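Report on the structure
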Amino acid sequence: MSDAPLLAIRDLTVSYPAGAGAGAGAVRVVDGVSLDLAPGEFLGIVGESGSGKTQLLLSLLGLNAPGAELTGSARYRGAELIGAPERALARVRGARIGIIFQDPMTALNPYLTIGAQLTEAVRHHHRIGRREARRRALELLDAVHVPEPRERFAQHPHELSGGMRQRIVIAMTLLCEPDIVLADEPTTALDVTVQAQILALLRDLRERTRAALILVTHDLGVIAEIADRVAVMYAGRIVEQASAERLFAHASHPYTEGLRRSIVDVDGSLPVRLEGIPGNPPDPAALPPGCAFAPRCPYAFERCRIERPPLEEAAPGHTRACFHPGPLGERAP
Amino acid sequence: MWRFLAQRLLTAVPTLIIIATLAFALLHATPGGPFDSAKRIPPEIERSIEAQYHLDEPLWRQYLRYMGNLARGDLGPSYQYRDTSVNELIRAGLPVDATVGTCALLLALLLGSLFGIVAALRRDTSWDYVPMLFASLGIALPAFVVGPLLILVFAVTLHWLPSGDWRAGSVRYLILPVVALALPYTAYIARMVRGAALEVLASPFIRTARAKGLPLGTVILRHALRPILSPVVSFIGPAFAGVLTGSIIIESVFGLPGIGRYFLTGAINRDYTLVVGITVLYGALIIVCNLLADLCYAWLDPRVRLRS
Ligand SMILES: Nc1ncnc2c1ncn2[C@@H]1O[C@H](COP(=O)(O)OP(=O)(O)OP(=O)(O)O)[C@@H](O)[C@H]1O
Ligand SMILES: [Mg+2]
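These lines cover the structure that appears in this document, whether it is placed above or below. Per-chain numbering applies: the sequence of each chain, read as written, is numbered from 1 onward. By the order in which they are written, chains take letters starting at A while ligands take numbers starting at 1. Thresholds applied to this predicted model are a pLDDT of at least 70 for local features of residues and 80 or more for the giving and counting of side-chain atom pairs; totals over whole chains, interfaces and linings are not thresholded and use all residues. The basis for every side-chain value is the complete set of heavy atoms in the structure, and neither hydrogens nor water enter the calculation.

1. A look at the overall build of chain A
The line we're drawing: Per the convention used, a helix needs a DSSP run of H or I reaching at least four residues, while a strand needs a run of E reaching at least two, with both numbered from the N terminus. This radius of gyration counts C-alpha atoms alone. The globule rule is 2.2 Å times how many residues there are, raised to the power 0.38. In this scheme, a residue with accessible area under 20% of its type's maximum is buried, one over 50% is exposed, and one in between is partly exposed, where area comes from a 1.4 Å probe on protein chains only. Accessible surface area values rest on a Shrake-Rupley calculation with a 1.4 Å probe, where residue burial reflects the displayed protein chains alone.
Assigned secondary structure in chain A consists of 12 helices and 14 strands. Against the compact-globule benchmark of 20 Å for 333 residues, chain A has a radius of gyration of 21 Å, which places it among compact chains. Considering only C-alpha atoms, chain A reaches an extent of 65 × 50 × 45 Å along its principal axes. Expressed as a percentage of its 333 residues, the buried residues of chain A come to 54%. Of the roughly 15200 Å² of accessible surface on chain A, 51% is carried by carbon and sulfur atoms.

2. A closer look at the sheet that holds strand E13 (residues 312–315) of chain A
Residue and element names in this part refer to chain A. Selection rule: Any two strands between which DSSP finds at least two bridges are classified as paired. Fitted lines through C-alpha atoms serve as axes, helices being fitted only where they are in contact, and the angles separating the N-to-C directions of these axes extend from 0 to 180 degrees. Any pair of residues with heavy atoms lying within 4.5 Å of one another is described as a contacting pair.
Taken in spatial order, the eight strands line up as E6-E7-E8-E3-E9-E10-E14-E13 in an open sheet, and their pairing is mixed. The open sheet has two edge strands, strand E6 (97–100) and E13, and neither has a second partner. The mean angle between the axes of side-by-side strands here comes to 20°, regardless of whether they run parallel or antiparallel. Note that strand E7 (residues 180–184) and strand E8 (residues 212–217) share five bridges and pair parallel. Within the sheet, the bridge partner assigned to Val181 lies in E8 and is Leu213. In the packing of helix H1 (residues 53–60) onto the sheet, the strands contacted are strand E3 (42–46), E6, E7, E8 and strand E9 (229–234), and the crossing angle to E7 comes to about 150°. Of the strands in this sheet, E6 and E7 are in contact with helix H7 (residues 162–174), which crosses E6 at around 175°.

3. A closer look at unusual backbone geometry
Residues and elements named next belong to chain A. The phi dihedral of Asp11 falls on the positive side, at around 50°, and the residue is not glycine. Of note, Glu148 is a non-glycine position whose phi angle comes to about 45°, a positive value. Among the secondary structure elements, Glu148 is positioned in the loop between helix H5 (130–143) and helix H6 (149–154). According to the relative accessible area criterion, Glu148 is partly exposed, its value standing at 49%.

4. A closer look at the interface of chain B and chain A
Put simply, the rule is: Defined in terms of a 1.4 Å probe, buried area is the accessible area two parts forfeit on being brought together, summed over both. For this document, the term salt bridge refers to a Lys or Arg side-chain nitrogen within 4 Å of an Asp or Glu carboxyl oxygen. Each polar contact in these results corresponds to two N or O atoms within 3.5 Å; when the atoms are within protein, one needs to be able to donate a hydrogen and the other to accept it, and residues that are neighboring in sequence are counted only if both atoms are side-chain atoms. Each residue gets one label: Ala, Val, Leu, Ile, Met, Phe, Trp, Tyr, Cys and Pro are nonpolar, Asp, Glu, Lys and Arg are charged, and the others, such as Gly, are polar.
On the chain A side, the residues contacting the 19 residues of chain B number 24 residues. Both sides of the chain B and chain A interface together cover about 2100 Å² of buried area, and 59% of this is carbon and sulfur. Its largest share of buried area at the contact with chain A, chain B owes to B:Arg207, B:Arg210 and B:Lys212, together 29% of the area lost on that side. Between chain B and chain A we count three salt bridges in total. Where chain B meets chain A, there are 11 residue pairs in polar contact (both at pLDDT 80 or more). For the side of chain B that touches chain A, the elements supplying multiple residues, two or more each, are helix H8 (204–211) and helix H9 (216–244) of chain B. Broken down by element, the residue count for the side of chain B that touches chain A peaks at six residues, all from H8(B). Of the residues in the side of chain B that touches chain A, the class split is eight nonpolar, four polar and seven charged.

5. Considering the site of ligand 1
Residue and element names in this part refer to chain A. For clarity, the threshold we go by: Here a residue is considered near a molecule or strand provided that any single heavy atom belonging to it is located within 4 Å of it.
The full set close to ligand 1 counts 14 residues, and Ser49, Gly50, Thr54, Gln102 and Glu185 are the nearest of them. Gly52 places a main-chain nitrogen or oxygen 3.0 Å from an oxygen atom of ligand 1. Gln102 places a side-chain nitrogen or oxygen 2.8 Å from an oxygen atom of ligand 1. Within the complex, 67% of the 640 Å² of free accessible area of ligand 1 lies under protein. A total of three residues in the shell around ligand 1 trace back to one element, the largest contributor, which is H1. Taken together, the residues that form the shell around ligand 1 break down as four nonpolar, seven polar and three charged.

6. A short note on the coordination of the magnesium ion (ligand 2)
Here is the rule we go by: Note that water is not among the atoms considered, so a metal site may appear incomplete; the donors listed are N, O and S atoms within 2.8 Å of the metal, with 3.2 Å applied to Na, K and Ca.
Distances from the magnesium ion (ligand 2) to its protein donors, A:Thr54 (OG1) and A:Gln102 (OE1), fall within 1.8 to 2.6 Å. Taken together, the positions of A:Thr54 in helix H1 and A:Gln102 in the loop between E6 and helix H3 (104–107) put the pair 48 residues apart, joining distant regions of the chain.

7. Section: H5(A)
Residues and elements named next belong to chain A. Our working rule: Here the expected span of a helix is defined as 1.5 Å times the quantity of residues minus one.
Compared with the 20 Å implied by 1.5 Å per residue over 14 residues, the 20 Å span of H5 between its first and last C-alpha is a close match. For H5, the full list of buried residues reads Ala133, Ala137, Leu138, Leu140, Leu141 and Ala143. On its buried side, H5 packs onto helix H4 (114–126), H6, H7 and helix H8 (192–208). Remark: His145 follows H5 within two positions and exhibits a positive phi of approximately 60°.

8. Some thoughts on the sheet that holds strand E2 (residues 26–37) of chain A
Remark on secondary structure: sheet strands pair via backbone hydrogen bonds, oriented parallel or antiparallel. Residues and elements named next belong to chain A. The strand order across the open sheet built from four strands is E2-E1-E4-E5, with neighbouring strands paired in antiparallel fashion. A single partner strand is all that each edge strand has here, and the edge strands are E2 and strand E5 (79–80). In the sheet, strand E1 (residues 7–17) pairs with E2 via eight bridges, with the strands oriented antiparallel. What sits directly across from Pro17, in E2, is Ala26. Along the sheet, H1 makes contact with E1, E2 and strand E4 (69–76), crossing E1 at roughly 115°.

Keep in mind that these numbers describe shape and distance, not what the molecule does.
The structure is reproduced here in structure tokens:
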């Protein structure tokens, strides 16, 4: 992966004005994130609910809710995305960077047919006719294992199951042949067997297309299996980043270790959630002064509660934000 | 679909019978009769008039006679306008109200949707505040204030338009009453559309459409318009029935020969057939308009199944 990065995110911050209690400043939901994505790379982002994963992805396309303020930089092939005018963003959205949203039940327009929704983006971006768009869409529906694609075309979203809708959404995103696919927990809203199918599908597609993929999830087990590299997010920041194998074998941030310990491979088959990390993620409006994870961390000491650990290289290609000298013990006392 | 239509039209029949019966009963229960006036009429003439209109028969026979005629579409003679049937009065007046009402509602739908969507898109800017302020005024100001005001400005002062009266087919006579009638509807629709648009524009499927890189116009027209207009459709149905039967105030301010005024004078003069006839017409129009609204609704939203 020595190519110039396809996407270079530097010190990206997303904040919303603090709700009630005017003058309370802004709440940072994504805080100083830096990431690189190489062409064709598969990057996983893991973190608990509320850690800012969705907001991070949305900010790349300028799709955050009204009121969001973005600072920092995200360059796609050298072109700045943060603060870019709507017109420029509209040329990137869908065509260059596609996104698959968290909940397939609400992501599709209930008023329009599947066919219309599938083909409109490719017709717009690639300036092709209805027939050609339809032909490509049918081909892709077949590739994502949608049975009887022709019938699906005339149907509306409510006539399809969640898994089927997510396949449609995936096909819809891939149809424009984007360079980057952002997949925001594409399986959380689905039931377990369908989850496995969709993940298998994403893995297969990776070999077919040459798109880079950022897969967001709160399940480290899922990502360790299929990603090249993994970034772990906590309270809006990246706390650890390494190759998938390395992260799984040598997690050196207590939060990552906690995530890893909460999935255990029982006789090598299904990952079973044994224990979560005690406590809850902090409210981004009221972060502790030091390390945001300190209140839940079994290794935390004085310094962790006062000073915020910077993201530093722990080993080549492995960064982490933690004062603990490591390696971490097998189990917290 | 055809089954649905047939069923709905069949259930309309008993509804209309009940409406007619209630209107008939209420009118006859109020004291006085169509030919009691201050002027003293010789008793024999009064009796001959009453016999001519069957008012000397027992009430149940009058009722059965009326319902029998109604079943054939005959609304009976007007007592007030001698030698004219209620059907003729309606046939003369309804086109006036229908023209003014349809134009007013179309105008209100167009402007109301436009202002509502723009206000939602430019939320909390003057594009939002100014139209919404006017919308509040439009809802609050009664037609008997707005109508004369329009006449004062555009007819009396500027001499651009006639102050009233009606010439079939002439647009000049149409403009002021249409504007006066459309104003409160525009205001109401604008507020309703703004609310719906705010909700729809924040929904995940609009985010999906934007994430595809579609131009804003396409996102709104193709993806947002139908869900935004859905609630308007169920409001427009009954509203349409209302404007078709005429607005008493608009008619009297602009001197329009519609049927709204018959309703008022008919009620005062105990013109039984006229009032019952217009009530039944109004009921029938409401039923038809609601049916059309339901069809429209189902056409807009594919999740809606037509079921009775
Ligand atoms: N429109 C908004 N205004 C203010 N705060 C917001 C807004 N949207 C999200 N947030 C806050 O941003 C934080 C991060 O949210 P985000 O949706 O990115 O989390 P996530 O990591 O995707 O979680 P999940 O796994 O539940 O999807 C949360 O604390 C959330 O409350
Ligand atoms: Mg999320």
